2 protein chains.
Amino acid sequence: MNIGQAAAASGVSAKMIRYYESIGLIPKTVRTESGYRVYSDSDVHTLRFIRRARDLGFSVEQIADLVSLWRDRERASKEVKRIALEHVGVLERKIEELQQMAGTLKHLARTCHGDGRPDCPIIEELASEAAQAPPLKTDAKFGLLGKATAR
Amino acid sequence: MNIGQAAAASGVSAKMIRYYESIGLIPKTVRTESGYRVYSDSDVHTLRFIRRARDLGFSVEQIADLVSLWRDRERASKEVKRIALEHVGVLERKIEELQQMAGTLKHLARTCHGDGRPDCPIIEELASEAAQAPPLKTDAKFGLLGKATAR
DNA sequence: GCTTGACCTTCCCATCATTGGAAGGATTAC
DNA sequence: GTAATCCTTCCAATGATGGGAAGGTCAAGC
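Now for a description of the structure that goes with this document. Just so you know, these numbers come straight off a predicted model, no measurement behind them. (Residues numbered from 1 in each chain as written. Chains lettered and ligands numbered in written order. Predicted model: local features only at pLDDT ≥ 70, side-chain atom pairs only at ≥ 80, totals over all residues. Heavy atoms only, no water.)

So, the interface of chain A and chain B
Thought 1: Listed as interface residues are 79 residues of chain A and, on the opposing side, 79 residues of chain B.
Thought 2: Summing both partners gives a buried area of about 6500 Å² for chain A against chain B, and 65% of it is carried by carbon and sulfur.
Thought 3: Between E125(A) and R52(B) there is a salt bridge whose closest N-O contact spans 3.7 Å.
Thought 4: Run the count over chain A and chain B and you get ten residue pairs in polar contact (both at pLDDT 80 or more).
Thought 5: Looking at the side of chain A that touches chain B, the element that brings in the most residues is helix α5 (residues 77-110) of chain A, giving 20 residues. (Contact = heavy atoms within 4.5 Å. Buried area = accessible area lost by both parts, 1.4 Å probe. Salt bridge = Lys/Arg side-chain N within 4 Å of Asp/Glu carboxyl O. Polar contact = N/O pair within 3.5 Å; in protein donor to acceptor, adjacent residues only side chain to side chain. Helix = DSSP H or I, 4+ residues; strand = E, 2+ residues; numbered from the N terminus.)

As structure tokens, this is what we get:
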């Protein structure tokens, strides 16, 4: 079948199939005389595998590992589990971070009238001085020069 | 002060300060004769405001709105609250999505031995046929042609 | 046989926020 | 004066995806 049909059957867009091929996640396919890519049911199966992993938030790099583990009949489930749990850890850290953000904002919104008055705790909090301005990445490769460099 | 000092004082990297200037999030600064950007304490205040909003996950576009609302003494808190709550909604949808992913993976990992044996429910689930392959975005602008186009 | 329309190809560009680096000029410390 | 550190602009890359142009191919209908 052609790429469009493989896309429809796998749920991975034709664009992405070509991209996955270009980065080596999937091998180069056979082509017709005129250059059309040709896919087998087995290829579609692989694409569907990839799509599921992607839907679970795995990165392309992780997916590459999972695909090769999938192909390896002798694999140890230990490795798969390790990748999965590592990813769970990443997801959970991200969740916590978002929850922190949402919590802060909800709290601020709760104390905001939300009417026509200009008073707004949300803005006030954002503008407040009481913030640590920690990990910085400036152009400077070393700390600030001297002391009274400011003007 | 110079950009490096403004960066250190605000927690926004020099790179990002220039970027924010280039996209118009912050106005162009005064320059010294030799072209160095010069920042005031007030500018640093703005940058810190921006950094906080960014830390709360607001997009640059939203931050631009928040900054202009901040500058507007006559603003209605209603608008600020609307932006904040809209963002909370986005965050919560994202959280739910990630929780779904993490939940599925944890469930799969729980049923995986994680030892040297090749049996692995995680891989099996990813490879299973039982998946809907719905919303697709192919190159094709219309559905598949005819019926027996495949070869 | 020829047109038409849907499909395929490659190539480039854009996203979003951020970082990295190169090449070169300015300033400061010593 | 020199070296270290800062600044400048410009270009590129990230990750995964979509948009679109320019052009070739295929199948159907006339």
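Looking at the pattern of salt bridges
All names here are of chain B.
Thought 1: Applying the stated criterion across every chain, the model contains 18 salt bridges over all chains.
Thought 2: With a closest N to O distance of 3.8 Å, E21 and R31 form a salt bridge. Taken together, the residues span a long stretch of sequence, with E21 in helix α2 (residues 14-22) and R31 in strand β1 (residues 30-31) at a distance of ten residues.
Thought 3: Owing to a relative accessible area of 42%, R31 belongs among the partly exposed residues under this scheme.
Thought 4: Linking E21 and R37 is a salt bridge whose minimum nitrogen-to-oxygen distance equals 3.0 Å. Of this pair, E21 sits in helix α2 while R37 sits in strand β2 (residues 37-38); the two residues are 16 residues apart in sequence, bridging distant segments of the chain. (Buried < 20%, exposed > 50% of the residue type's maximum accessible area, 1.4 Å probe, protein only.)

Quick word on the nonpolar core
Thought 1: Core analysis: the biggest nonpolar cluster contains 82 residues, and I17(A) and I17(B) have the highest contact counts within it.
Thought 2: The contacts of I17(A), once residues within four sequence positions are left out, are I3(A), A6(A), A7(A), V12(A), I26(A), Y39(A) and L47(A). (Core = buried A, V, L, I, M, F, W, Y, C linked by side-chain atoms within 4.5 Å.)

What about the packing of aromatic side chains?
All names here are of chain A.
Thought 1: Counted under the stated rule, the structure contains four aromatic pairs over all chains.
Thought 2: When the ring of Y19 is compared with that of Y20, the centres are 6.0 Å apart and the planes differ by 45 degrees; the resulting orientation is tilted.
Thought 3: The class of Y19 is partly exposed, set by a relative accessible area of 40%.
Thought 4: On the accessibility criterion, Y20 (2% relative accessible area) is buried.
Thought 5: Aromatic pair F49 and W70: ring centres 4.3 Å apart, planes at 5 degrees, arrangement stacked. Note that F49 is positioned in helix α3 (residues 41-55) and W70 in helix α4 (residues 60-71), a separation of 21 residues in sequence. Both residues of the pair, F49 and W70, belong to the buried class. (Phe/Tyr/Trp six-rings, centres within 6.5 Å; stacked < 30°, edge-to-face > 60°.)

Some points on a nonpolar patch on the surface
Residues and elements named next belong to chain A.
Thought 1: Taken together, the side chains of Y19, I23 and V60 define a hydrophobic patch exposed on the protein surface, amounting to about 240 Å² of accessible area.
Thought 2: With respect to the helices and strands, V60 occurs in helix α4.
Thought 3: On the accessibility criterion, V60 (30% relative accessible area) is partly exposed. (Patch = residues over 30% accessible without salt bridge, like charges linked within 9 Å, V, L, I, M, F, W, Y side chains within 5 Å. Areas by Shrake-Rupley, 256 points an atom, 1.4 Å probe, with all protein chains shown as cover.)

Thoughts on the relation of the copies chain A and chain B
Thought 1: Under the fitted operation, chain A is carried onto chain B by 0.0 Å of movement along the axis and a turn of 180 degrees, and the coordinates agree to an RMSD of 0.1 Å. Seen this way, the second copy is the image of the first under a two-fold rotation axis. Considering only C-alpha atoms, the part of chain A nearest the rotation axis is I95(A), at 2.7 Å.
Thought 2: Comparing interface residues between copies, 100% of those in chain A also sit at the interface in chain B, which points to an isologous, same-surface contact. (Least-squares fit on C-alpha atoms with pLDDT ≥ 70 in both.)

A look at the packing of helix α1 (residues 3-10) of chain A against helix α2 (residues 14-22) of chain A
All names here are of chain A.
Thought 1: Relative to each other, α1 and α2 sit at 100 degrees, their axes nearing to 8 Å. Between α1 and α2, the interaxial angle falls into the category roughly perpendicular. Across the interface between the two elements, I3, A6 and A7 of α1 pack against A14, I17 and R18 of α2.
Thought 2: Here the contact of α1 with α2 is composed, by residue class, of five nonpolar, no polar and one charged. (Axes fitted to C-alpha atoms, helices over the stretch in contact; angles between N-to-C directions. Parallel < 35°, antiparallel > 145°, perpendicular 65-115°, else oblique. Nonpolar A, V, L, I, M, F, W, Y, C, P; charged D, E, K, R; others polar.)

Some points on α3(A)
Thought 1: Here α3(A) spans 21 Å end to end across 15 residues, near enough to the 21 Å set by a 1.5 Å rise per residue.
Thought 2: Among the residues of α3(A), V44(A), T46(A), L47(A), R48(A), F49(A), I50(A), R51(A), R52(A) and A53(A) are the ones counted as buried.
Thought 3: Considering only its buried residues, α3(A) is in contact with α1, α2 and α4 of chain A together with α6 (121-127) of chain B.
Thought 4: Immediately downstream of α3(A), the backbone of G57(A) shows phi near 85 degrees, a positive value. (Expected span 1.5 Å × (residues − 1).)

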